[in-house]
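Chains, contacts and geometry: an overview
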Amino acid sequence: MDDVHPTIRALPEVVAAARGQVEVLLDGGIRRGSDVAKALCLGARAVLVGRAYAYGLGAAGEAGVRRAVEILRADLLRTIKLLGCPSTSALDRSYVEVPVEWEPR
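These notes cover the structure that comes with them. (Residues numbered from 1 in each chain as written. Predicted model: local features only at pLDDT ≥ 70, side-chain atom pairs only at ≥ 80, totals over all residues. Heavy atoms only, no water.)

For Val-22, the position within the fold is in the loop between helix H1 (7-18) and strand E1 (25-27). With 23 residues separating them along the chain, Val-22 and Arg-45 place their C-alpha atoms 9.5 Å apart. (Helix = DSSP H or I, 4+ residues; strand = E, 2+ residues; numbered from the N terminus.)

Counting buried positions along helix H2 (residues 33-41) gives eight out of nine residues, so the element sits mostly inside the fold. Considered for burial, the residues of H2 that qualify are Gly-33, Ser-34, Asp-35, Val-36, Ala-37, Ala-39, Leu-40 and Cys-41. Summarising the contacts, the buried residues of H2 are in contact with H1, E1, strand E2 (46-48) and helix H3 (50-83). Of the residues one or two after H2, Gly-43 is the one with positive phi, at around 110°. (Buried < 20%, exposed > 50% of the residue type's maximum accessible area, 1.4 Å probe, protein only. Contact = heavy atoms within 4.5 Å.)

Below, the discussion takes up the packing of H2 against H3. At their nearest, the axes of H2 and H3 sit 7 Å apart, and the two run at 55° to each other. What the angle tells us is that H2 and H3 run oblique. The way H2 lies across H3 gives a crossing that is right-handed. When H2 is examined against H3, the residues Gly-33, Ser-34, Val-36 and Ala-37 are found in contact with a partner set consisting of Leu-72, Asp-75, Leu-76 and Thr-79. Split by residue class, the contact of H2 with H3 holds four nonpolar, three polar and one charged. (Axes fitted to C-alpha atoms, helices over the stretch in contact; angles between N-to-C directions. Parallel < 35°, antiparallel > 145°, perpendicular 65-115°, else oblique. Left-handed = near helix turned anticlockwise from the far one by under 90°. Nonpolar A, V, L, I, M, F, W, Y, C, P; charged D, E, K, R; others polar.)

You can see Ala-90 is positioned in the segment after H3. Taking the C-alpha atoms as reference points, Ala-90 and Leu-40, 50 residues apart in sequence, are found 9.3 Å from one another.

Next comes the structure, spelled out in structure tokens:
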């Protein structure tokens, strides 16, 4: 597993392969709200944040889950504001630079 691409690296190819026929959800590697923004920019329809839920749950139960989601949401909102983007629905590839080797073949 050491040589497997991270999910964000594989996302552009998966989105291209889906050709708009299915919604693509990203699961894995999300640690900050800015990670959520990047995934949305690269074509994910939604992002799953189970790690944050698990850490919050383990630390403080239901209140911890609530706080973890608040932290992710605040970071996501801060990120889109810093980008000058009006909303998450307006995020697109113009907000990120994608290395050439990430482009679908």
